[in-house]
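Survey of secondary and tertiary structure
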Amino acid sequence: MSPAMSPAGSQRWLAAGRASPRLVLVVVFVALLLDNILLTVVVPIVPTFLYATEYEGANSSASPALPEPTPAAPRAPPFSSLLSYFDNTTVPVRGFTSATEPPNRTGSSPPGHPPRAPPAPARSCLEGGEFLAQENTRVGLLFASKALVQLLVNPWVGLLTNRIGYHIPMFLGFIIMFLSTVMFAFSGTYTLLFIARALQGIGSSFSSVAGLGLLASVYPDDSERGSAMGIALGGLALGVLIGAPFGSIMYEFVGKASPFLVLAFLALLDGALQLCILQPARISPESTRATPVSTLLRDPYILVAAGALCFSNMGVAMLEPTLPIWMLQTMCSPQWQLGMAFLPASISYLVGTNLFGILANRMGRWLCSMIGMAVVGISLLCVPLATNIYGLIGPNAGLGFAIGMVDSSMMPIMGYLVDLRHTSAYGTVYAIADVAFCVGFAIGPSTGGAIVRALGFPWLMVVVGALNVAYAPLCWLLRSPPAAQEKMAILSQECPMQPKSYTSKEAPREFPLTEESDGEAENVE
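Now for a quick tour of the structure. Here the structure is a predicted model, which is why all the values come from computation and not from measurement.

**Section: the overall build of the protein chain**
Summing up its helical and strand segments, the protein chain has 20 helices and 0 strands in all. Residue burial in the protein chain is summarised as follows: out of 525 residues, 54% are buried. Partitioning the contacts of the protein chain with sequence separation of at least 6, the portion at a separation of at least 24 is 87%. Of the accessible surface of the protein chain, which amounts to about 22800 Å², a share of 67% is contributed by carbon and sulfur atoms.

**Remarks on the packing of aromatic side chains**
As enumerated under the stated definition, the model contains 6 aromatic pairs in all. Ring centres of Phe171 and Phe174 lie 5.3 Å apart, and the angle between their planes is 50°; this geometry places the pair in the tilted category. With Phe171 and Phe174 both in helix α7 (residues 167-186), this residue pair falls 3 residues apart, about one helical turn. Each member of the pair, Phe171 as well as Phe174, carries the same accessibility label: buried. On the basis of an interplanar angle of 20° and a centroid distance of 4.6 Å, the ring pair of Trp326 and Phe457 is categorised as stacked. Of this pair, Trp326 sits in helix α12 (residues 300-331) while Phe457 sits in helix α18 (residues 457-471), and the two are 131 residues apart along the sequence. For the pair shown, Trp326 and Phe457 are each scored as buried. One residue, Arg138, lies across the ring of Tyr190, its end atom 4.3 Å from the ring centre.

**Structural notes on the side chain of Ser145**
Locating Ser145 in the fold gives a position in helix α6 (residues 129-164). With relative accessibility at 3%, the residue Ser145 sits in the buried group. Sequence-distant contacts of Ser145, defined by excluding residues within four places in its chain, comprise Phe194, Arg197 and Ala198.

**Comments concerning the packing of α7 against helix α10 (residues 257-277)**
With their axes 8 Å apart at the nearest point, α7 and α10 run at an angle of 165° to one another. By the angle class used here, α7 and α10 are roughly antiparallel. Crossing geometry of α7 relative to α10 is assigned as left-handed. Across from Met170, Phe171, Phe174, Met177, Phe178, Thr181, Val182, Phe184, Ala185 and Phe186 in α7, the residues of α10 making contact are Ala257, Phe260, Leu261, Leu263, Ala264, Ala267, Leu268, Asp270, Gly271, Gln274 and Leu275. For the contact of α7 with α10, the residue count by class is 17 nonpolar, 3 polar and 1 charged.

**Description of helix α15 (residues 365-382)**
Structural remark: α-helix, 3.6 residues per turn; residues separated by three or four positions point the same way. Across its 18 residues, α15 extends 26 Å between first and last C-alpha, which sits within 8% of the 26 Å expected from 1.5 Å per residue. Buried residues along α15 sit against α9 (222-253), α12, α14 (343-363), α16 (393-421) and α18.

Parameters at a glance
- Residues numbered from 1 in each chain as written.
- Predicted model: local features only at pLDDT ≥ 70, side-chain atom pairs only at ≥ 80, totals over all residues.
- Heavy atoms only, no water.
- Helix = DSSP H or I, 4+ residues; strand = E, 2+ residues; numbered from the N terminus.
- Buried < 20%, exposed > 50% of the residue type's maximum accessible area, 1.4 Å probe, protein only.
- Contact = heavy atoms within 4.5 Å.
- Areas by Shrake-Rupley, 256 points an atom, 1.4 Å probe, with all protein chains shown as cover.
- Phe/Tyr/Trp six-rings, centres within 6.5 Å; stacked < 30°, edge-to-face > 60°.
- Lys NZ or Arg CZ within 6 Å of the ring centre and 35° of its normal.
- Axes fitted to C-alpha atoms, helices over the stretch in contact; angles between N-to-C directions.
- Parallel < 35°, antiparallel > 145°, perpendicular 65-115°, else oblique.
- Left-handed = near helix turned anticlockwise from the far one by under 90°.
- Nonpolar A, V, L, I, M, F, W, Y, C, P; charged D, E, K, R; others polar.
- Expected span 1.5 Å × (residues − 1).

Shown next, in the form of structure tokens:
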């Protein structure tokens, strides 16, 4: 056996790996990836699952009374193949006004001529318009439950990370997410799905707040931190990219539980990775006293950055519950297209976060965010103009790319603002950033369904698109935020602040985890 493969060599390799911030980035990347796959995998599944179990289930119990007037058997074959895209349940065909019409009515077809097949597949949308209108609101509330719970839990997670460090909350997030995924797989009612979604909000709060705070602590250099945040948000984007298409295809061809069981297995691998890299039994509190949440919430620059995160993500949050149902009503889309419609937004978000994680620092993060919010608004205004799934490619791609610009710029700005104006403890400020996400994903789905029911889907896009365009100029305030001089002594007690690194030299880093690194830090001086 080679020395590298011996137990002592493996331990040295693991210890050296723990000393690398890149492995921390890998752990955070995987955690955000799985969390956001679970976030979006339910988007195409829930509306069709509720329609199949509740509306069609209720109608199937009353259906024996409908087939009574069927003496004209020869007329059945031409229409027996007209099936819905949902569990092969027959739907009424346009042109037949009532189920009580005489069954031998031939219309305009000659007796000896085979009846013309009606253009039903292009127009045979789902029946039950009132049910679908109510489902907009119910599905929106179910999707918003995750963000609402996360909104309530985030401040407490931020305080917890300041006391015990980031490793234990990260591992707690994995455990809760695993339980939520298994519950999704075996939930058969709206109530159980609602509980599973709310439970996911608790796990997401632990994973996202602790993960982003951990990255900010191990990458003190501002440019390196921006690149690391862009890569980590790439995990978020990849999860959004995979989730909706993966969910729609697996639900269509395998079954409802299949995508969630695959995610549960991947979550177990993530837990094993965290055990090896983070050692979650270790308590490592922040070296500096964190700025109170109330103080950060009074900082106008932090509020502007949080508002940009909130409003830019509110657009896609409103699309998640309403776009699939709008496609069912107007485009008569098959089930697999409901998830594929989000694919352009996911791909472009992945490109945008990785590209502007580097470029935003060069062109100015405030400018990148301002342009991104304007493009978000314009893209949302173009969504209702689509008449089929191909017409959604351009608006959704522009939406995803622009949100990637905003996210990859604002997440590093949040850490920069705390370094510049407060103390370098990141759990609380990234709790605020995550709260901003959650407000968007809570208000969006919960109010989007109600607005669609009152005004219609096109007006919903007009409202949220105009809101983003109107907010964009406020990003100019982040061009050159002033430092809070009275707090600079807390930030740097013995040495002046460096132009690119905003933590003092004496402040111990969360990583490396090895004991040898302490000696290396002393030798740097």
